[in-house]
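Chain residues, written in single-letter form:
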Amino acid sequence: MKFITIISFISLMFSSVLVSSEKEVDAIVNKSESTVNWNAKKVTGEHYGKVQISDAQLDYLNGKIQGGSFEMDMTTITVEDITDANSNARLTNHLKSDDFFSVEKFNKSSFKITEAKSSNGKDYQISGNLIIKGISNPVTFPAKVDVQGDKIIATASIVFDRTKFDIKYRSGNYFENLADRLIYDDVSLEVKLVAMNQ
């Protein structure tokens, strides 16, 4: 009886070790190395710039991303393609206005992973909820993960329809006869998260 009890105890301890070794680990994201670049196109060209990440995390288990999220500080949005200071400031302030991101009311945008599919731990199909101006919509996009020692580098291209987030300024789906003033609905975000695996 004692032998059976000892065996049962050892089995319980062993299973506990296995469970604890497979817990998800929150990889610490380096916000200074992580970036978000935005790009929006119009009939006459394009504009692009950056926005800073204010918070982020990656849930990492057995060499694969299981979940995670990142938050963007919309007050930091910049325009990189216009060199003239006055023109640059004018567009930057316009992007922060109610025509676009309503930054005074909604100073944060975010994304949270709901599903991360990968067969090799490098190439992913990511699904999740993107929140802009307090409006949440599902998005799915490809992503890549490169592990360099203890460093995890996740990159992704997220394309979203701005009109689904109540950004309808000069959209051809809501305004007629825009001609060369039309701005396309799709906006792309190039996201890079750099994290340290604990």
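Please read these numbers as outputs of a predicted model, since none were measured by experiment. (Residues numbered from 1 in each chain as written. Predicted model: local features only at pLDDT ≥ 70, side-chain atom pairs only at ≥ 80, totals over all residues. Heavy atoms only, no water.)

S.K.: What is the right way to look at the overall build of the protein in this model?
M.R.: Tallying secondary structure elements over the protein gives 2 helices and 9 strands in all. The linear arrangement of helices and strands in the protein, starting from the amino end, is α-β-β-β-β-α-β-β-β-β-β. About 11,800 Å² of surface is accessible on the protein, with carbon and sulfur atoms providing 52% of the total. (Helix = DSSP H or I, 4+ residues; strand = E, 2+ residues; numbered from the N terminus. Areas by Shrake-Rupley, 256 points an atom, 1.4 Å probe, with all protein chains shown as cover.)

S.K.: Is there a simple way to explain the packing of aromatic side chains in this structure?
M.R.: Any aromatic ring pair is given by two values, namely how distant the centres are and how the planes are angled relative to each other. For the coordinates displayed, the defined rule picks out 4 aromatic pairs. Ring centres 5.6 Å apart and planes at 85° place the aromatic pair F160 and F165 in the edge-to-face group. Like F160, the residue F165 is buried in the burial classification. An aromatic cluster is defined as three or more aromatic residues linked by ring pairs; in this entry it consists of F70, F111 and F141. (Phe/Tyr/Trp six-rings, centres within 6.5 Å; stacked < 30°, edge-to-face > 60°. Buried < 20%, exposed > 50% of the residue type's maximum accessible area, 1.4 Å probe, protein only.)

S.K.: Sorry if this is basic, but what is going on with the pairing of strand β7 (residues 135-148) here?
M.R.: The side chains of a regular strand alternate between both faces of the sheet. When strand β6 (residues 123-132) meets β7, the two strands line up antiparallel, connected through 10 bridges. Pairing of Q125 across the sheet is with P142, part of β7. The loop that links β6 with its antiparallel partner β7 comprises 2 residues; one of these, K133, has a positive phi angle of about 55°. Linking β7 to strand β8 (residues 151-161), which pair antiparallel, is a turn of 2 residues; within it G149 sits at a positive phi near 65°. (Pairing = 2+ DSSP bridges.)

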